[in-house]
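Now for the letters of each chain:
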Amino acid sequence: MPNEEFLPFSRPTISQEAIDEVVACIRSGWITTGPRVKQFEEDLKSYCSAPHALALSSATAGLHLVLATLKLQPGDEVITTPMTFAATLNTIVLTGGKPVLVDVEPGTYNMDISRIEQAITKHTRAIMPVHFAGLPVDLDPLYDIAKRHNLRVIEDAAHAIGTRYKDRRIGSFGDIQVFSFHPNKNMTTGEGGCVVTRDGDMASDVALLRFHGMDREAWNRFGKKGNQHYEIIAPGFKYNMMDMQAALGLHQLKQLDGFIKRRTELALRYQKFLAGWPQLSLPRTPAYSHLHAWHLYTPLIKAETAGMDRDAFMQGMKERNIGTGLHYRAVHLYPYYREHFGFKRGDFPNAEAVSDGIVSLPLFPLMTDADQDRVVAAMADLFKRS
Ligand SMILES: *Cc1c(COP(=O)(O)O)cnc(C)c1O
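Residues numbered from 1 in each chain as written. Predicted model: local features only at pLDDT ≥ 70, side-chain atom pairs only at ≥ 80, totals over all residues. Heavy atoms only, no water.

1. Here's the deal with the sheet that holds strand E9 (residues 193–197)
Pairing in this open sheet of seven strands is mixed, and the strands run E1-E9-E8-E5-E4-E2-E3 from one edge to the other. Of all strands in the sheet, those with a lone pairing partner are strand E1 (52–56) and strand E3 (98–101), marking the two edges. On average, each strand axis in the sheet is inclined to that of its neighbour by 25°, with strand direction left out of account. Pairing of strand E2 (residues 77–80) with E3 involves four bridges; the strand directions are parallel. Following the sheet pairing, Ile79 is matched in E3 by Val100. Along the sheet, helix H2 (residues 35–48) makes contact with E1, strand E8 (176–180) and E9, crossing E1 at roughly 135°. Contacting E2, E3 and strand E5 (152–156), helix H4 (residues 86–94) runs over the sheet at an angle of about 140° to E3. (Pairing = 2+ DSSP bridges. Helix = DSSP H or I, 4+ residues; strand = E, 2+ residues; numbered from the N terminus. Axes fitted to C-alpha atoms, helices over the stretch in contact; angles between N-to-C directions. Contact = heavy atoms within 4.5 Å.)

2. Observations concerning the site of the ligand
As a structural note, the neighbourhood of the ligand is formed by 15 residues, with Thr60, His159, Ser180, Lys185 and Tyr328 the closest of them. Between an oxygen atom of the ligand and a main-chain N or O atom of Ala59, the distance comes to 2.9 Å. Within the side chain of Ser180, an N or O atom sits 2.7 Å from an oxygen atom of the ligand. When the ligand is considered free in solution it has 380 Å² of accessible area, and contact with the protein chains removes 93% of it. Its residues placed into classes, the shell around the ligand shows five nonpolar, eight polar and two charged. (Near = heavy atom within 4 Å. Polar contact = N/O pair within 3.5 Å; in protein donor to acceptor, adjacent residues only side chain to side chain. Areas by Shrake-Rupley, 256 points an atom, 1.4 Å probe, with all protein chains shown as cover. Nonpolar A, V, L, I, M, F, W, Y, C, P; charged D, E, K, R; others polar.)

3. A short note on the packing of helix H1 (residues 16–28) against helix H8 (residues 243–274)
Running from N to C, H1 and H8 cross one another at 155°; their axes reach a closest spacing of 8 Å. Put simply, H1 runs roughly antiparallel to H8. The chirality of how H1 crosses H8 is right-handed. For the pair H1 and H8, contact is made by Glu17, Ala18, Glu21, Val22, Cys25 and Ile26 and by Asp243, Met244, Ala247, Leu248, Leu250 and His251, respectively. Here the contact of H1 with H8 is built from residues that sort into eight nonpolar, one polar and three charged. (Parallel < 35°, antiparallel > 145°, perpendicular 65-115°, else oblique. Left-handed = near helix turned anticlockwise from the far one by under 90°.)

4. Considerations on the nonpolar core
Note on soluble globular proteins: their nonpolar side chains tend to be buried together. Of all hydrophobic cores here, the largest spans 44 residues; its most connected members are Phe40, Ile116, Phe179 and Phe181. Of all the elements in the fold, those that place two or more residues in this core are H2, E1, helix H5 (139–149), E9 and H8. Both of domain 1 (16–254) and domain 2 (256–382) provide at least three residues apiece to this core. Ignoring any residue separated from it by four or fewer positions in sequence, one finds Phe181 in contact with Phe40, Leu44, Ile161, Met187, Thr188, Thr189, Gly190, Glu191, Gly192, Gly193, Cys194 and Met241. With 28 residues, the next largest nonpolar core counts Ala267, Phe313, Val376 and Ala378 among its residues. (Core = buried A, V, L, I, M, F, W, Y, C linked by side-chain atoms within 4.5 Å. Buried < 20%, exposed > 50% of the residue type's maximum accessible area, 1.4 Å probe, protein only. Domains from an automatic or database assignment.)

5. Brief notes about the sheet that holds strand E7 (residues 168–169)
With antiparallel pairing, the three strands of this open sheet are ordered in space as E7-E6-E13. Looking at which strands have only one partner, the edges of the open sheet turn out to be E7 and strand E13 (290–291).

Here it is as structure tokens:
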């Protein structure tokens, strides 16, 4: 069917209300950080049942700020996973830390919790789990380990707004969560992200560092009146979210649970239609109770039985007018990480097998069952021809 429109692997769902809100924001004359960001933060706190939510320009900014508040010393280590987006490791390095990796579980692609304890040294400061594709990491044992060793936990929850672990929403418990609102994520503000925490000191440090290290309260503390002045009490960053972005977020957050419901229907349809295909290994879900946010649907291409590798599969799908994504190649295999930290192929065999085979099939709330049937038919056609 050569005349069919190209089906992208992801596309945001933006309501007319959200568009109207952006326009109203622009017309209001106040487009940068202001009342809409404030309201969006209130809504995020209420959605996550958390005392602190700080809206930011991206999740990368959130990871950077949280790690910056830890004031890592040379040699300090942060434990994370190689199956993530580069920002997870980049921000550790940017704040002076050394990324220490543990391998993933083969079926869920999440960090293997049973390997964390042996990676802890006297230099370890924090653990950064990633809830891959919106599937929660097994957090109870992870927080037990962190408590025993007095470590911070920074959850890279870029995929996991709306995810639940044992009936609790990610963000409603634990130490620190960082969410992303990039257009491909489960809800979007264009670009954007936020930090959620129950730690008031962490929240004020992030609030200070996200906007130049500027503190209006400090001026009052030093005995002067009025708030037309500010003090700079730390060299900060410029990581604030704009009201134009929050205008989208206010409406996206209201639709989020509905988005996840549709993503779940589609993911389960893929699981059903693709079950038993010898060319694929399908994502698995763990036994503990959870709500998967299905940010991505990511089978592995088994090159030997498929007669093609993942890259050839992606090319074949593109020729059939279907977009796919690659999330992610294992970060330890990128040149910077090989050269600076001595990582090499063979270090994390499970992550490497995932990295070599993984592909993101189209999945977004506006996708129809007929769109999905097209994807499955194109895959059947591609595998038959090889
Ligand atoms: C998208 C993503 C990020 C970065 O999010 P941005 O909002 O684009 O900065 C970080 N970690 C993971 C796992 C991601 O998928």
